[in-house]
Structures are given as C-alpha cells and as structure tokens.
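Here are the chains, one letter per residue:
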Amino acid sequence: MKTAPRTGRPDRQVRAVRLGPRSVVALLLVSAVGVAAFGWPLLAGPSSQVSAHAQDAPWLFAGLLVLLVGVVAAAVSEGGVGPKAVAMLGVLAATGAALRPIGAGTAGIEPMFFLMVLSGRVLGPGFGFVLGSVTMFASALLTGGVGPWMPFQMLSMGWFTMGAGLLPGPDRLRGRAEVLMLAAYGFLAAFAYGTVMNLAGWPFLDSLSSSVAFQAGAPLHENLVRFLAYCLATSLGWDLGRAALTVVLTVTVGPALLRALRRATRRAAFEAPVTFEGAEP
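Residues numbered from 1 in each chain as written. Predicted model: local features only at pLDDT ≥ 70, side-chain atom pairs only at ≥ 80, totals over all residues. Heavy atoms only, no water.

## Here's the deal with the overall build of the chain
If you tally the helices and strands in the chain, you get nine helices and two strands. Order of helices (α) and strands (β) in the chain, N terminus to C terminus: β-α-α-α-α-α-α-α-α-α-β. For the chain, the residues scored as buried account for 47% of the 281 residues in total. The contacts of the chain with a sequence gap of at least 6 include a subset with a gap of at least 24, amounting to 82%. For the chain, the exposed area adds up to about 13700 Å²; of that, 70% sits on carbon and sulfur atoms. (Helix = DSSP H or I, 4+ residues; strand = E, 2+ residues; numbered from the N terminus. Buried < 20%, exposed > 50% of the residue type's maximum accessible area, 1.4 Å probe, protein only. Contact = heavy atoms within 4.5 Å. Areas by Shrake-Rupley, 256 points an atom, 1.4 Å probe, with all protein chains shown as cover.)

## Quick look at the pattern of salt bridges
If you walk through the whole model with that rule in mind, you get four salt bridges. A salt bridge links Arg242 to Glu110; its shortest N-O distance comes to 2.8 Å. One end of the pair, Arg242, is in helix α8 (residues 236-252); the other, Glu110, is in the loop between α3 (83-99) and α4 (112-143), with 132 residues separating them in the sequence. What makes Glu110 buried here is its relative accessible area of 9%. Of the charged contacts, one joins Arg262 and Glu178 as a salt bridge, the two residues approaching to 2.6 Å between their closest N and O atoms. Taken as a pair, Arg262 in helix α9 (residues 254-268) and Glu178 in helix α6 (residues 176-201) lie far apart in primary sequence, 84 residues in all. (Salt bridge = Lys/Arg side-chain N within 4 Å of Asp/Glu carboxyl O.)

## A few points about the side chain of Arg121
With respect to the helices, strands and loops of the structure, Arg121 is situated in helix α4. Only 3.3 Å separates the side chain of Arg121 from the backbone oxygen of Leu167, close enough to count as a polar contact. Here the side chain of Arg121 touches Pro168 through a polar contact of 3.0 Å, landing on its backbone oxygen. (Polar contact = N/O pair within 3.5 Å; in protein donor to acceptor, adjacent residues only side chain to side chain.)

## Quick look at the confidence of the model for the chain
For the chain, the mean per-residue pLDDT works out to 76, and 69% of the residues sit at or above 70. No element of the chain has a lower mean pLDDT than strand β1 (residues 2-3), at 46, and none a higher one than α6, at 91. Of the regions scoring below 50 in pLDDT, residues 1-10 engages in 23 contacts with residues more than four places distant in sequence or in other chains. (pLDDT = per-residue confidence, 0-100.)

## Side note on the nonpolar core
Ranked by internal contacts, the top residues of the largest apolar core, which has 53 residues, are Leu92, Met157 and Phe160. Broken down by element, the residue count for this core peaks at 15 residues, all from α4. Dropping the residues within four chain positions of it, Met157 is found in contact with Met112, Phe113, Met116, Gly132, Met136 and Tyr193. (Core = buried A, V, L, I, M, F, W, Y, C linked by side-chain atoms within 4.5 Å.)

## Some thoughts on the environment of Thr195
When you line up the elements, Thr195 lands in helix α6. Sequence spacing of Thr195 and Tyr230 is 35 residues, and the spatial spacing of their C-alpha atoms is 10.0 Å. Those residues in contact with Thr195 that sit more than four places away from it in its chain are Phe227, Cys231 and Asp239.

## Thoughts on the side chain of Ser235
Tracing the backbone shows Ser235 in the loop between α7 (220-234) and α8. With a relative accessible area of 8%, Ser235 lands in the buried category. In terms of polar contacts, Ser235 uses its side chain to reach the side chain of Asn198, at 2.7 Å. Once residues lying within four places of it in the same chain are set aside, the contact partners of Ser235 are Asn198 and Tyr230.

## Description of the environment of Ala233
Within the secondary structure, Ala233 sits in helix α7. Placed 21 residues apart in sequence, Ala233 and Val212 show a C-alpha to C-alpha distance of 8.9 Å.

Given below as structure tokens:
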C-alpha cells in the first residue's frame with residue numbers, strides 16, 4: 001500500500017475532516033440546538049418555568065451526543081474521516097484532556113485552550129469542532145466533571161476550536177503575523193467561552209439571593225445588564241487568567257507546535273488517495 005503524492009501548493013492547509021453537505025447540515029443542527037439551549041431562558045415569556053430547564057439537562061445531553069455522532073457519521077460517509085484522522089483526533093483529545101487538570105482551573109489556568117486554538121487552525125473547522133467536543137467530554141470523565149453542565153462545555157469548546165479553523169489566511173498567513181492573530185483570537189475567545197458558560201448557569205440563580213441574578217419575566221435589556229454585572233463580579237478574573245495564559249502559550253510555544261502539527265498532517269496525508277500495489281504475476 002502506498003499514498004499518492006500530494007499536488008498543488010506545498011503549504012496548502014490539509015484538513016483531517018473536510019465538511020461536505022451532510023456534515024454542514026449536521027453541524028448547523030448541533031449549533032442551532034446549542035444556541036437555543038443557551039439563550040432560551042432570556043427570551044422565554046413571563047409565564048415560562050425556567051427552573052424546569054434543569055430537569056431537561058439529561059435529555060439535552062443525550063440529544064447532543066446523538067447529534068455529535070451524526071456530525072462524525074456524516075463526515076465518515078462523505079469520506080472525510082479516515083483512520084489517520086481518528087488517530088490524530090485521539091492523540092490531540094487525550095493531550096487536551098490531560099492538560100486541563102494541570103491548573104485544576106485555578107485562576108483560569110487552563111492550558112488546553114491554546115492547544116485547541118492551534119489544532120483548529122491547522123486541521124480546519126470540521127476537525128476543530130469534533131476535537132473540542134471530544135476533548136471536553138474526555139476531560140470531564142478524567143476529572144469527574146460529569147454533570148448537567150457538560151453538554152454546554154462540549155458545545156462551547158467545539159465552537160471555540162472551530163472558530164480557530166475559520167480564521168482567514170490558512171494557506172498564506174505564516175510566521176509572526178499568524179501567531180499574533182491566533183493569540184488575539186485565543187484572548188477574545190477565552191472570554192467568549194467564559195461568558196457563554198456563565199449564561200448556561202446564570203438563569204437558575206435565586207433572584208432573591210443576589211441583585212445580579214436572572215429575573216424571570218423582566219425585560220430583556222434589564223436581564224442583560226444583570227448578566228453583565230454578574231460576569232464582572234464573578235468571572236472576570238477567571239476569564240482574564242485563561243485568556244492571558246492562552247496568549248502567553250500561543251506566543252511562546254505556538255510557532256514550534258504549529259510546525260509540528262503541520263508536519264504531522266503532511267506526513268499523514270489525510271487527503272491523498274491510497275493505492276494498493278499487487279504482486280507481479
């Protein structure tokens with residue numbers, strides 16, 4: 001068996017998961033369910049029972065797992081995921097899961113985020129979404145962090161990693177400019193991740209215990225002001241630590257890791273056709 005040589009530009013981005021029509025539809029469906037799950041308490045009417053959402057978490061978790069499997073199945077059926085891509089996914093997910101508990105979340109010290117940024121950049125948005133979701137699932141099993149919040153973490157990390165794969169210039173931008181772009185993205189996305197995860201739990205705080213808690217039935221703008229105050233009061237320092245560490249690791253370790261990931265993807269030749277050589281009669 002041999003792999004046919006690649007053609008085209010030598011620095012062209014190689015994608016381990018190439019999104020076809022079915023993959024895109026499955027990914028959009030997952031994202032739509034996620035947006036609804038995160039945002040519906042803010043948009044629900046005064047008569048809605050927000051607290052009842054806590055009872056739906058197991059069903060949401062089961063539904064998201066089915067949809068995530070659907071994304072992978074769609075990619076496989078379209079020829080987007082081969083054994084080499086699965087192996088790469090396993091290695092990176094295991095590495096990310098092992099990195100997460102290093103700081104035990106202390107002051108936002110979570111080094112897995114910079115690995116997700118670089119992996120999504122090199123391997124593309126499709127691989128990035130699957131990698132982010134699988135990594136968060138594996139890290140939850142590793143740290144015992146399984147709970148109603150896990151599907152929200154899986155979605156948020158999937159979006160976080162996919163966003164890095166959607167950044168401009170994947171085939172042209174290299175060197176210091178690319179590293180600075182990834183550092184800026186990691187900084188902003190680290191805050192976005194923390195904000196989205198705040199939104200997952202904030203609506204279920206007791207409004208009598210805090211002036212920044214969600215108020216069911218209040219106008220949207222009032223709840224948004226409460227939510228902003230809640231984020232500033234509870235998670236700003238945490239998110240800042242996560243963002244700062246992501247920037248530092250991206251700037252210092254990023255160039256070497258980008259080269260290593262690109263070298264690994266070139267050698268894996270995900271997109272090259274595989275041919276079999278038969279014995280001569």
